[in-house]
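Spelled out, the chains give:
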Protein chains: 2
Amino acid sequence: MQIAIALFDRFTALDAVGPYEVLQRLPGASVTFVAEKRGEVRTDNGFLGVTADAVFSEVPSPDVVVVPGGIGTSKLREPGAIHEWVTNAHQTSTFTTSVCTGAEVLAVAGLLDGLKATTHWSSYEVLEKMGAMPTGQRVVENLGERIITAAGVSSGIDMALRLSELLVDETAAKAMQLMIEYDPEPPFDAGSVEKAGDEVMTRLLEYLVDKT
Amino acid sequence: MQIAIALFDRFTALDAVGPYEVLQRLPGASVTFVAEKRGEVRTDNGFLGVTADAVFSEVPSPDVVVVPGGIGTSKLREPGAIHEWVTNAHQTSTFTTSVCTGAEVLAVAGLLDGLKATTHWSSYEVLEKMGAMPTGQRVVENLGERIITAAGVSSGIDMALRLSELLVDETAAKAMQLMIEYDPEPPFDAGSVEKAGDEVMTRLLEYLVDKT
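Residues numbered from 1 in each chain as written. Chains lettered and ligands numbered in written order. Predicted model: local features only at pLDDT ≥ 70, side-chain atom pairs only at ≥ 80, totals over all residues. Heavy atoms only, no water.

## Topic: the sheet that holds strand 6 (residues 64–67) of chain A
Residues and elements named next belong to chain A.
Next, step 1: Here we have seven strands laid out as an open sheet, ordered 5-2-1-6-7-11-10, and mixed in their pairing. Strands at the two margins of the open sheet, each flanked by one partner only, are strand 5 (54–55) and strand 10 (139–142).
Next, step 2: One ladder, built from four bridges, connects strand 6 with strand 7 (residues 95–99); its direction is parallel. Looking at strand 7, one finds that V67 is bridged to S98.
Next, step 3: On the sheet, helix 5 (residues 155–167) packs against strand 6, strand 7, strand 10 and strand 11 (147–150) and is oriented at approximately 165° with respect to strand 7. (Pairing = 2+ DSSP bridges. Helix = DSSP H or I, 4+ residues; strand = E, 2+ residues; numbered from the N terminus. Contact = heavy atoms within 4.5 Å. Axes fitted to C-alpha atoms, helices over the stretch in contact; angles between N-to-C directions.)

## With respect to helix 5 of chain A
Residue and element names in this part refer to chain A.
Next, step 1: With 13 residues, helix 5 should reach 18 Å at 1.5 Å per residue; the first-to-last C-alpha distance of 18 Å fits that figure.
Next, step 2: Where burial is concerned, most of helix 5 is hidden: 10 out of the 13 residues are buried.
Next, step 3: Of the residues making up helix 5, those classed as buried are S155, G156, I157, D158, M159, A160, L161, R162, L163 and S164. (Expected span 1.5 Å × (residues − 1). Buried < 20%, exposed > 50% of the residue type's maximum accessible area, 1.4 Å probe, protein only.)

## Quick word on the side chain of B:R138
Next, step 1: Position of B:R138 relative to the elements: it lies in the loop between strand 9 (133–134) and strand 10 (139–142).
Next, step 2: A distance of 3.0 Å separates polar atoms of two side chains, one belonging to B:R138 and the other to B:S154.
Next, step 3: Not counting residues up to four positions away in its chain, the partners in contact with B:R138 are A:E181, A:Y182, A:D183, A:P184, A:E185, B:T118, B:T149, B:A150, B:A151, B:S154, B:S155 and B:D158. (Polar contact = N/O pair within 3.5 Å; in protein donor to acceptor, adjacent residues only side chain to side chain.)

## Some thoughts on the environment of B:Q177
Next, step 1: Inspection of the secondary structure assignment puts B:Q177 in helix 6 (residues 170–179).
Next, step 2: On the accessibility criterion, B:Q177 (1% relative accessible area) is buried.
Next, step 3: With 118 residues separating them in the primary sequence, B:Q177 and B:V59 have C-alpha atoms 27 Å apart.
Next, step 4: Sequence-distant contacts of B:Q177, that is, excluding residues within four places in its chain, are made with A:P186, A:F188, A:D189, A:A190, A:G191, B:L161 and B:Y182.

## Some points on the nonpolar core
Next, step 1: Counting residues in hydrophobic clusters, the biggest one holds 155 residues, and the most contacted among them are A:Y20, A:W85, A:L112, B:Y20, B:W85 and B:L112.
Next, step 2: What A:W85 contacts, discounting residues up to four positions off in sequence, is A:A4, A:A6, A:V34, A:F56, A:V59, A:P60, A:P62 and A:V65. (Core = buried A, V, L, I, M, F, W, Y, C linked by side-chain atoms within 4.5 Å.)

## Describing the interface of chain B and chain A
Next, step 1: Tallying the contact residues gives 74 residues for chain B and 74 residues for chain A.
Next, step 2: Both faces considered, chain B and chain A share a buried interface measuring about 6500 Å² in area, 61% of it formed by carbon and sulfur atoms.
Next, step 3: Looking at the side of chain B facing chain A, the largest losses of area belong to B:L178, B:E181 and B:F188, adding up to 12% of the total buried there.
Next, step 4: On inspection of chain B and its partner chain A, the count reaches eight salt bridges.
Next, step 5: Linking A:D169 and B:R203 is a salt bridge whose minimum nitrogen-to-oxygen distance equals 2.8 Å.
Next, step 6: For the pair chain B and chain A, the interface holds 48 residue pairs in polar contact (both at pLDDT 80 or more).
Next, step 7: Of all the elements in the fold, those that place two or more residues in the side of chain B that touches chain A are helix 1 (13–23), strand 2 (30–35), strand 3 (39–42), strand 4 (49–52), helix 5 (155–167), helix 6 and helix 7 (193–211) of chain B.
Next, step 8: Split by residue class, the side of chain B that touches chain A holds 38 nonpolar, 15 polar and 21 charged. (Buried area = accessible area lost by both parts, 1.4 Å probe. Salt bridge = Lys/Arg side-chain N within 4 Å of Asp/Glu carboxyl O. Nonpolar A, V, L, I, M, F, W, Y, C, P; charged D, E, K, R; others polar.)

## A closer look at the pairing of strand 2 (residues 30–35) of chain A
Residues and elements named next belong to chain A.
Next, step 1: Burial of strand 2 is extensive: five of the six residues sit out of reach of the surface.
Next, step 2: Pairing between strand 1 (residues 2–6) and strand 2: five bridges, direction parallel. From the neighbouring strand, I3 faces strand 2, where its bridge partner is V31.
Next, step 3: Crossover handedness for the path strand 1 to helix 1 (residues 13–23) to strand 2: right-handed.
Next, step 4: The pairing of strand 2 with strand 5 spans two bridges and is parallel. Looking across to strand 5, one finds that V34 is bridged to A54. (Right-handed = clockwise from strand over helix to strand, strands pointing away.)

## Overview of the relation of the copies chain B and chain A
Next, step 1: When chain B is fitted onto chain A, the two copies agree to an RMSD of 0.0 Å after a turn of 180° and an axial shift of 0.0 Å. Look at the turn and shift together and you get a two-fold axis relating the two. Looking at the rotation axis and the C-alpha trace of chain B, the residue lying nearest is B:V50, at 2.3 Å.
Next, step 2: A shared binding surface is used by both copies, with 100% of the interface residues of chain B retained as interface residues in chain A. (Least-squares fit on C-alpha atoms with pLDDT ≥ 70 in both.)

## Notes on the packing of aromatic side chains
All names here are of chain A.
Next, step 1: Inspection of the entire model under this criterion finds six aromatic pairs over all chains.
Next, step 2: Seen in terms of ring centroids, F8 and F11 are 6.5 Å apart; in terms of plane orientation they differ by 75°. Their pairing is edge-to-face.
Next, step 3: Judged by relative accessible area, which is 8%, F8 ranks as buried.
Next, step 4: Each ring, one from F56 and one from W85, has its centre 5.0 Å from the other, and the planes form 25°; the classification is stacked. Residue F56 is located in the loop between strand 5 and strand 6, and its partner W85 is located in helix 2 (residues 81–92); the two are separated by 29 residues in the primary sequence.
Next, step 5: Accessibility expressed as a relative area gives 8% for F56, which makes it buried. (Phe/Tyr/Trp six-rings, centres within 6.5 Å; stacked < 30°, edge-to-face > 60°.)

## What to know about the side chain of A:E21
Next, step 1: Here A:E21 is to be found in helix 1.
Next, step 2: Beyond its immediate sequence surroundings of up to four residues, A:E21 is in contact with A:I180, B:T12, B:A13, B:L14, B:D44 and B:V153.

Spelled out as structure tokens, the structure:
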């Protein structure tokens, strides 16, 4: 079972690594990080470099496609190499998936037209303009179309557990959950806009301004 | 605020990337991935390469030390370069932390003698033999000693949120939680040995045998 995770400049590391960590131990799983060029790709802030081991043309028909998001998707709004790869790979994939603003890549690739989908909470409007129907669910399944989209960053872990169930079975998915000890105990309950509230949002926006 | 995340051959990616993703957007945060040699380091199964941008001697006194775990820690049970770095860095760090079997590195570095600590559920005995007192908590704080250890793999996210609160304040930590949309909805409740049960454990052990 070949799992291909797409990389591009300024992707968000956890979007990619969450699903990778869940899926890599499934029976027969082989994970390949793939990009337009082979070699190092840097994350959104540049603090982390990750290796793309293959170019898109070398992984034309993976069983599972995972497209992470990140600030870099703002440079991927015109059709290009990654979109062409996603469109073609989806013809034969078992599942084509995205995390966070990776949904925009699927949308530009023409996969989300008229479909319910999700993305990072800050990007619903962009995704809607691209023809999808954004929802606030953490994981949105379009099983007929073999497309699953996940919300922001950490949601890729939840998505990949469900994907493990679909690819193998529920026991396999639970085994992956146990392996990564995913028994979450966040010390706060601020993981959504509604729960976080105004003070937190104000602070977050301050930090984003400082970083950009 | 300099955050140093240690890398070594066959580390577990999510152990490192979970805390990285939470901490990197804190005000003034700079994250450096550091190892014995500069360049690419591969994860436990070899599927993923991550860049070490600096060697240990170049980052002698970070504010925060994060040591991930992974199968590779089984080769780090004798004192070596990483332990020497941890011991020295801890003299001036604000917090020295580990995720998963990264606790073993802290233990060999002499930091956990007689302290409560945690690690991956499969490794309590090893950690106990190294002089720590393993507990089943997800995040174990020794604030007097400025040491925090987290349980398996995904627990580094919870740990890093608490660390954000300690380093900045609660609002900052919540802003990080919102940014990574950490509002977990695992589709199953199998994230601990007790919750997963025998069938899941049997399957997990089958997969581990196949992979090694």
